[in-house]
Amino acid sequence: MIPTADPTQVNHRATYREVLAEPRFRLLFSTRAVSITADALRITTFSVLVFSATGSALLSAVAFGIGFIPQLFGSLLLGSLADRLPPRALITGGYALTCTAALLLALVPMPVAASLGVVALVSLATPVFHGASSRLVAQSLEGDAYVLGRSLNNITGAGAQLFGLALGGAAVAAIGPRRALAVSAVLYLGCALAIRIRMPRLQPGESGGTPGSAGGDGGAVRASLQGAVLLLRGRTVRRLMLAQWLPVALVAGAEGLIVAYAGEHRFAPGWYAVLMGCLPVGMLVGDLLVGRLLRPRTRERLVVPLVALTGLPLIGFAAEPGVGVSSCLLLLSGFGYAYGLGLQRPFLDALPQDGQGQAFGLLGSGSMTLQGVGPVCLGAVAAAGTGTGGAIALAGGAVVLTAGWILTWHPDASPVPVPPPAVESPGRPDKP
């Protein structure tokens, strides 16, 4: 695919005000923030509900993570629908489906296995709705505005998740887990109504997708599998996906060991929460500074150094540092997450125009799955004799190796070459 960025704007630095001035993005951005709050509220409350019913820490942990891994299968089997069906109906339907699931969990007494099944089934469809939403963002914002839009989503998503976790604890204490689940259902319903009322009615072809029914050429499952194979077969797309997956999964694995690390080193009660909060704080600061102050080409040149910055501080845990040094190391590691901003535009430019929705769904579901696998793998490494500090350090080393791998195919620190002046932007639909 020919890159779609306007060459005269390739190093134009957008502003957050410019991004938020786009009505369609503003709607998707605000509803996404509310839905992430509702997700965090639902996930933690459901975990509490399962634990109170069973007394099993294992089942409580399964309830917390049951919505993550099925997303990869949903992306592989249903991902093409994000490009083949009208986006307003898909996104509205996604919020309505999660609202219904939350209401079922809140109001209908079910065996634990059945309630876990409800959450897993809903998560199968999640990549379709998220893919359609991400594709609309890509169609609404161009050039550096798209990158800053992703940055805003990252920043607000982290804040909404923290708020949802706090809201979940307060709601469970005040009104009980079932009523708290009903609160999350109300939030999802509000998102569905906002999209249904305020989003223009677009057909797939109008928003950059491929018009057609779900079964028009062999069925959604077959089309989704073929689309995923085509996306992953392309070396550029595959590399850019792995570059966005691997560091995040490895750092998530290290993050999963922080509680155990604090316990092994007999930190004062509550310090583990401070340590866990350092990563998202570093991420917020990194996204703000790198997104707002640096020009697009500079961000793309800094991909490899920022990936290395994500991993290098974690290697310091091999020295078994105390609370203060550990906090600083985690803050620095979180700052390096801003490397993803330098990959957003090259990734978008590398995608086929009629497969963007599926690609975004696959990117998100793959990331979620690997973030679930990472803690399990590093936990096994720690249990094998390295200790938690050694396992965290190994994760940091693996991130640095990933930076070196990116450098081998990205020697000029620009994953996709800047388009020459003669290239135009064919086929990019106008914003409605």
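Located above this text is the structure these notes cover.
Residues numbered from 1 in each chain as written. Predicted model: local features only at pLDDT ≥ 70, side-chain atom pairs only at ≥ 80, totals over all residues. Heavy atoms only, no water.

A few words on the overall build of the protein chain. Tallying secondary structure elements over the protein chain gives 18 helices and zero strands in all. The burial tally for the protein chain puts 51% of its 432 residues in the buried class. Long-range pairs, those at least 24 residues apart, make up 87% of the contacts in the protein chain with a sequence separation of at least 6. Summing over all exposed atoms, the protein chain offers an accessible surface of approximately 18,300 Å²; the carbon and sulfur share of this is 68%. (Helix = DSSP H or I, 4+ residues; strand = E, 2+ residues; numbered from the N terminus. Buried < 20%, exposed > 50% of the residue type's maximum accessible area, 1.4 Å probe, protein only. Contact = heavy atoms within 4.5 Å. Areas by Shrake-Rupley, 256 points an atom, 1.4 Å probe, with all protein chains shown as cover.)

Nonpolar side chains collect at one region of the surface, where Val281, Val285, Leu288, Leu289, Leu293 and Leu331 lie side by side and expose about 480 Å² of accessible area between them. Take the nonpolar patch: its biggest share by element is five residues, from helix 13 (residues 271-293). Within the secondary structure, Leu288 is located in helix 13. (Patch = residues over 30% accessible without salt bridge, like charges linked within 9 Å, V, L, I, M, F, W, Y side chains within 5 Å. Salt bridge = Lys/Arg side-chain N within 4 Å of Asp/Glu carboxyl O.)

Attention now goes to the packing of aromatic side chains. Evaluated as defined, the whole model comprises five aromatic pairs. Aromatic pair Phe347 and Phe360: ring centres 6.1 Å apart, planes at 65 degrees, arrangement edge-to-face. Note that Phe347 is positioned in helix 17 (residues 341-350) and Phe360 in helix 18 (residues 356-409), a separation of 13 residues in sequence. Since its relative accessible area comes to 6%, Phe360 is described here as buried. Centre to centre, the rings of Trp405 and Trp409 are 5.6 Å apart; their planes meet at 65 degrees, and the pair counts as edge-to-face. Here the residue Trp405 and the residue Trp409 both occupy positions in helix 18, the gap between them amounting to four residues, near one helical turn. Residue Trp409 is classed as buried on the basis of its relative accessible area of 13%. In this structure an aromatic cluster arises from ring pairing among Tyr261, Phe267 and Phe317. (Phe/Tyr/Trp six-rings, centres within 6.5 Å; stacked < 30°, edge-to-face > 60°.)

It is possible for side chains of opposite charge to pair when their charged atoms get near one another. Summed over the entire model, instances satisfying the criterion amount to four salt bridges. Put simply, Asp144 and Arg299 hold a salt bridge, and the shortest N to O gap is 2.5 Å. Here Asp144 is found in helix 8 (residues 144-175), whereas its partner Arg299 is found in helix 14 (residues 296-301), with 155 residues between them in sequence. Owing to a relative accessible area of 2%, Arg299 belongs among the buried residues under this scheme. Residue Arg345 pairs with Glu300 through a salt bridge whose shortest N-O separation is 3.4 Å. Of this pair, Arg345 sits in helix 17 while Glu300 sits in helix 14, and the two are 45 residues apart along the sequence. Neither residue differs from the other here; Arg345 and Glu300 are each classed as buried.

Even without glycine at this site, Arg266 takes up a positive phi of about 55 degrees. Unusually for a residue other than glycine, Glu320 sits at a positive phi of about 55 degrees. Inspection of the secondary structure assignment puts Glu320 in the loop between helix 15 (303-315) and helix 16 (323-335). Relative accessible area serves as the criterion here: at 36%, Glu320 is assigned to the partly exposed category.

In terms of nonpolar packing, the biggest core is built from 81 residues, with Met241, Leu330 and Phe347 touching the most fellow members. Residue contacts for Met241: discarding those within four places in its chain leaves Leu232, Phe347, Ala359, Leu362 and Leu363. Of all hydrophobic cores here, the second largest spans eleven residues; its members include Phe46, Val50, Leu116 and Val119. (Core = buried A, V, L, I, M, F, W, Y, C linked by side-chain atoms within 4.5 Å.)

Looking now at the packing of helix 6 (residues 87-107) against helix 7 (residues 112-140). Running from amino to carboxyl end, helix 6 crosses helix 7 at an angle of 155 degrees, the nearest separation of the two axes being 9 Å. With respect to their mutual orientation, helix 6 and helix 7 come out roughly antiparallel. Note that helix 6 runs across helix 7; the crossing there is left-handed. For the pair formed by helix 6 and helix 7, the contact residues are Pro87, Leu90, Ile91, Gly93, Gly94, Leu97, Thr98, Ala101 and Leu105 on the first element and Ser115, Val118, Val119, Val122, Ala125, Val128, Phe129, Ala132, Ser133, Arg135 and Leu136 on the second. Class assignment for the residues of the contact of helix 6 with helix 7 results in 14 nonpolar, five polar and one charged. (Axes fitted to C-alpha atoms, helices over the stretch in contact; angles between N-to-C directions. Parallel < 35°, antiparallel > 145°, perpendicular 65-115°, else oblique. Left-handed = near helix turned anticlockwise from the far one by under 90°. Nonpolar A, V, L, I, M, F, W, Y, C, P; charged D, E, K, R; others polar.)

Next up on the list: the side chain of Gln344. Examined against the element boundaries, Gln344 turns out to sit in helix 17. Taking the relative accessible area as the measure of exposure, Gln344 reaches 6% and is therefore buried. Within the local environment of Gln344, its side chain forms a polar contact with the side chain of Arg150, the two groups lying 2.9 Å apart. If near-sequence neighbours (up to four positions away) are discounted, Gln344 is found in contact with Tyr146, Val147, Arg150 and Gln244. (Polar contact = N/O pair within 3.5 Å; in protein donor to acceptor, adjacent residues only side chain to side chain.)

Right, let's get into the side chain of Asp287. With respect to the helices and strands, Asp287 occurs in helix 13. Comment: no salt bridge for buried Asp287; closest opposite-charge side chain is Arg150, at 8.9 Å. Each residue touching Asp287, except ones within four places of it in the same chain, is listed here: Tyr16, Ser151, Asn154, Ile155, Arg292, Ala338 and Leu341. (Lys, Arg positive; Asp, Glu negative; His and termini not counted.)

Turning next to the state of the cysteines. Under the counting rule described, the total for this entry stands at zero disulfides. Between Cys328, a cysteine without a disulfide, and Cys278, which holds the nearest cysteine sulfur, the sulfur-to-sulfur distance is 7.8 Å. The exposure class assigned to Cys328 is partly exposed, which follows from its relative accessible area of 47%. (Disulfide = S-S within 2.5 Å.)

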